[in-house]
Amino acid sequence: MAKSAIYTANTGAQALQIGSTISLGSIIRRFGCGVNLNGNGIVIDEQGYYDVDASITATAAAAGTVTVTLLRDGVAVPGAVASATAAAAGTVALPITALVRQMCCGSGSTLTLQLGGTAATVNNVALKVIKL
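Residues numbered from 1 in each chain as written. Predicted model: local features only at pLDDT ≥ 70, side-chain atom pairs only at ≥ 80, totals over all residues. Heavy atoms only, no water.

Peer 1: Can you tell me about the nonpolar core, naming the residues and giving the values?
Peer 2: In terms of nonpolar packing, the biggest core is built from 35 residues, with I42, L70, L113 and V129 touching the most fellow members. When residues of this core are traced back to their parent elements, those giving at least two are strand 4 (35-38), strand 5 (41-44), strand 6 (48-60), strand 7 (64-72), strand 8 (75-86), strand 9 (91-102), strand 10 (109-116) and strand 11 (120-131). Broken down by element, the residue count for this core peaks at six residues, all from strand 6. (Core = buried A, V, L, I, M, F, W, Y, C linked by side-chain atoms within 4.5 Å. Buried < 20%, exposed > 50% of the residue type's maximum accessible area, 1.4 Å probe, protein only. Helix = DSSP H or I, 4+ residues; strand = E, 2+ residues; numbered from the N terminus.)

Structural data, given as structure tokens:
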């Protein structure tokens, strides 16, 4: 059984440039003390492992590769990146799955999603973080 979890969603269109942080929207479900939404990031502050699942839908502003990266305190989480090639005004699905470890005896970490590759409008983002 999970010790804490959060599920956020944002179905509003977000026209973003390369390097922009994706807004996670609002909390849909949450329990426990290990995770919380703070601005555009999820704060994890209890020692242990966190299962992260993100689903992003984006429409490319121009033909190219749309990329979304999971960041922890501004640093890319290894392997937690999704990319897809899109035609101009083409819509792509970008799923991300990762396992993040929060060390003991430190302050919390913040998880964010960042757009890369080409400018795009993010049409939908859903993020689930579960403390294992």
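Peer 1: Lay out the packing of aromatic side chains in plain terms, naming residues and giving numbers.
Peer 2: How two aromatic rings sit relative to each other is given by the distance of their centres and the angle of their planes. Enumeration according to the criterion identifies zero aromatic pairs in this entry. When the ring centre of Y50 is taken as origin, the NZ or CZ atom of K131, which lies over that ring, is 6.0 Å away. (Phe/Tyr/Trp six-rings, centres within 6.5 Å; stacked < 30°, edge-to-face > 60°. Lys NZ or Arg CZ within 6 Å of the ring centre and 35° of its normal.)

Peer 1: Break down the sheet that holds strand 8 for me, citing the residues and quoting the values.
Peer 2: The strand order 4-5-10-7-8 describes an open sheet built from five strands, whose pairing is antiparallel. Here the strands that pair on one side only, and so sit at the sheet edges, are strand 4 and strand 8. For this sheet, the mean inter-axis angle between neighbouring strands, taken without regard to orientation, is 20 degrees. (Pairing = 2+ DSSP bridges. Axes fitted to C-alpha atoms, helices over the stretch in contact; angles between N-to-C directions.)

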